[in-house]
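Okay, here's what each chain looks like letter by letter:
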Amino acid sequence: MIKVAVLTIKLHAPWVHSLKEKRMAVKSLLAKVKNKFSVSVAEVGDPDIHQSIRIGVAAIVPHRAQADRVMDEIVNFVERNTEAEIVEEEREIR
């Protein structure tokens with residue numbers, strides 16, 4: 001049975017001092033995740049808080065084990081590809 005993996009990651013970016021800086025950082029990170037994993041990804045919260053970034057990722061997967069693996073890989077990729085610190089993550093498989 002096909003599953004939908006939903007991942008929400010909240011990051012703290014202490015170097016960001018304007019919404020313009022935040023938009024540039026978010027845009028770059030979203031493009032990298034989308035290109036690497038062929039998933040749907042978007043900023044899903046905290047749009048007016050300069051140093052807080054919340055992104056949501058959704059992926060269609062054939063089974064639960066692959067959902068877990070894909071979410072682990074995305075979290076690791078985000079950690080390696082941004083200076084922002086992951087402060088929270090939520091996972092759901094539907």
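Above this text sits the structure in question.
Sequence positions are assigned chain by chain, starting from 1 and proceeding in written order. Given that the model is predicted, a residue must reach a pLDDT of at least 70 before its local features are reported, and side-chain atom pairs must reach 80 or more before they are shown or counted; all residues, however, enter totals for whole chains, interfaces and linings. Note: side-chain values were computed over all heavy atoms of the structure, leaving out hydrogens and water.

*Asks:* Which residues make up unusual backbone geometry, and what are the values?
*Replies:* Positive phi values are uncommon outside glycine, yet Ser38 reaches one of about 50°. Here Ser38 lies in the loop between α1 (19-37) and β2 (40-45). Backbone geometry places Asp46, a non-glycine residue, at a positive phi of 55°. Mapped onto the elements, Asp46 comes out in the loop between β2 and β3 (52-61). By the criteria applied, helices consist of DSSP H or I runs no shorter than four residues and strands consist of E runs no shorter than two, each listed in order from the N terminus.

*Asks:* Talk me through the pattern of salt bridges; I want residue IDs and the actual numbers.
*Replies:* We define a salt bridge as a side-chain nitrogen of Lys or Arg found within 4 Å of a carboxyl oxygen belonging to Asp or Glu. In this structure the tally under the stated criterion is seven salt bridges. Linking Glu43 and Lys22 is a salt bridge whose minimum nitrogen-to-oxygen distance equals 3.3 Å. Separated by 21 residues along the polypeptide, Glu43 in strand β2 and Lys22 in helix α1 bring together distant segments of the chain. We note a salt bridge from Arg91 to Glu89, for which the minimum N-O separation is 2.7 Å.

*Asks:* How would you explain the pairing of β3 if you had to name every residue and give the values?
*Replies:* Exposure is judged per residue with a 1.4 Å probe applied to protein chains only, and the accessible area is read against the type maximum: over 50% gives exposed, under 20% gives buried, and values in between give partly exposed. Most of β3 sits inside the fold, with eight of its 10 residues counted as buried. As paired strands, strand β1 (residues 3-12) and β3 are joined by 10 bridges and run antiparallel to one another. Considered in β3, the bridge of Ala5 is made with Ala59. Strands pair, by our definition, only if DSSP identifies at least two bridges between them. Alignment of β2 against β3, held across five bridges, turns out to be antiparallel. Among the inter-strand pairings, Val41 is bridged to a residue of β3, identified as Val57.

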